[in-house]
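# Inside the fold
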Amino acid sequence: MSLKLKQVVIGLDNRQLFEPVSLTVAAGEVFSLMGHSGCGKSTLLSFIAGTLGEQFDVSGDVLLDNQSLRPEPVEKRRVGILFQDPLLFPHMTVVENLMFAAPAGSLTEKRQQALTSLADIGMEHYADFYPRQLSGGQAARVSLMRTLAAKPRALLLDEPFSKLDRETREHFRTLVFTTVARRNIPAILVTHDEDDVADKNRVLRLTHQTIRC
Ligand SMILES: Nc1ncnc2c1ncn2[C@@H]1O[C@H](COP(=O)(O)OP(=O)(O)OP(=O)(O)O)[C@@H](O)[C@H]1O
């Protein structure tokens, strides 16, 4: 399973955000996307996920396993996203959050899968905690597991490490990178920090494009 962008151009208010982007991310790889604020990194991830607003003009294509995602609605793309802030429902316990994200199975199966994934991250004793009772690093780990519970075919990481302190950040980064490799799915990481880059040879620096479309 590889993720490909082919000559992607995104325009807003008659201005092109960045130079055309073409890249291929292999299964199990974390490809990094950098560039200064406002150059369109999050917008590019929204395009891949299928959540881009109608105010943007787009050309080019995004392919997963050589099939275009553009005709597919968000829910059919099965592209997972992690943001700076963990996305957990505050009124649900940790285990309920994970069960809610699972696409299929009986309640017993979903609960068992959720507990197994909590054990994978050393958090089996936190199943009945609420998100507000977790530390930042714990919430980040549960959020990763929640995203993975939906069995995504690709993962988009929009600065998921930026709000964590240094030690937690390194720990969580390692967890994300090993998880992507183990699940063998392609991942794109948006970051402002060179330390987050998984492979220094696999980075694209988006450059501002001031040309009028
Ligand atoms: N929903 C929106 N409606 C209109 N304009 C938007 C919207 N989202 C983003 N933009 C604009 O699109 C451009 C790219 O924004 P984007 O958030 O993708 O940049 P970024 O590179 O991710 O920035 P940062 O590093 O600060 O997160 C900016 O000019 C921004 O103002």
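Residues numbered from 1 in each chain as written. Predicted model: local features only at pLDDT ≥ 70, side-chain atom pairs only at ≥ 80, totals over all residues.

Going by the annotation in an unreviewed UniProt entry, the name recorded for the protein chain is Thiamine transport system ATP-binding protein, with Endozoicomonas lisbonensis given as the source organism.

### Topic: the nonpolar core
Going by this rule: Joined through C-beta atoms within 7 Å, a set of buried Ala, Val, Leu, Ile, Met, Phe, Trp, Tyr and Cys residues constitutes a nonpolar core. Burial is judged by counting the other C-beta atoms within 10 Å of a residue's own C-beta: 20 or more makes it buried, 12 or fewer makes it exposed, and any count in between marks it as partly exposed, with every C-beta position built from the backbone. This entry defines residue contacts through backbone-placed C-beta atoms, with two residues in contact when those atoms are within 7 Å.
Residues L44, L98, L156, L157, A187 and I188 are the most contacted members of the largest nonpolar core, which totals 49 residues. Contact partners of A187, with chain neighbours within four places excluded, come to V25, E29, V30, A154, L155, L157 and V180.

### Quick notes on the site of the ligand
The condition is simple: To decide whether a residue is near a molecule or strand, its C-beta atom is placed from the backbone and checked for lying within 6 Å of it. Under the scheme used here, helices are H or I runs from DSSP no shorter than 4 residues and strands are E runs no shorter than 2 residues, and both carry numbers assigned from the N terminus.
Residues in contact with the ligand, as listed here, are L12, L17, G35, S37, G38, C39, G40, K41, S42, T43, G53 and Q55. When residues in the shell around the ligand are grouped by element, the largest group, three residues, is from helix 1 (residues 41-49).

### Thoughts on the pairing of strand 9 (residues 187-190)
Selection criterion: Two strands are counted as paired when DSSP detects at least two bridges linking them. Here the term right-handed applies to a crossover when the path leading from its first strand over the helix to its second strand runs clockwise, the strands being oriented away from the viewer.
Side-chain alternation along strand 9 places A187 and L189 on one buried face and I188 and V190 on a second face that is also buried. Strand direction decides the pairing type here: strand 4 (residues 30-34) and strand 9, joined by four bridges, are parallel. Within strand 9, the residue paired with L33 across the bridge is V190. Pairing analysis gives four bridges linking strand 8 (residues 154-158) to strand 9, with the strands arranged parallel. Following the sheet pairing, L155 is matched in strand 9 by A187. Taken together, strand 8, helix 6 (residues 166-183) and strand 9 constitute a β-α-β crossover, and its handedness is right-handed.

### Considering unusual backbone geometry
Its identity is not glycine, yet D13 carries a phi of approximately 50 degrees, on the positive side. Tracing the backbone shows D13 in the loop between strand 1 (3-12) and strand 2 (15-16). Positioned with a positive phi, N14 is a non-glycine residue whose angle comes to about 60 degrees. Following the sequence through the fold, N14 ends up in the loop between strand 1 and strand 2. Overall, N14 belongs to the exposed group, with 8 C-beta atoms counted inside 10 Å.

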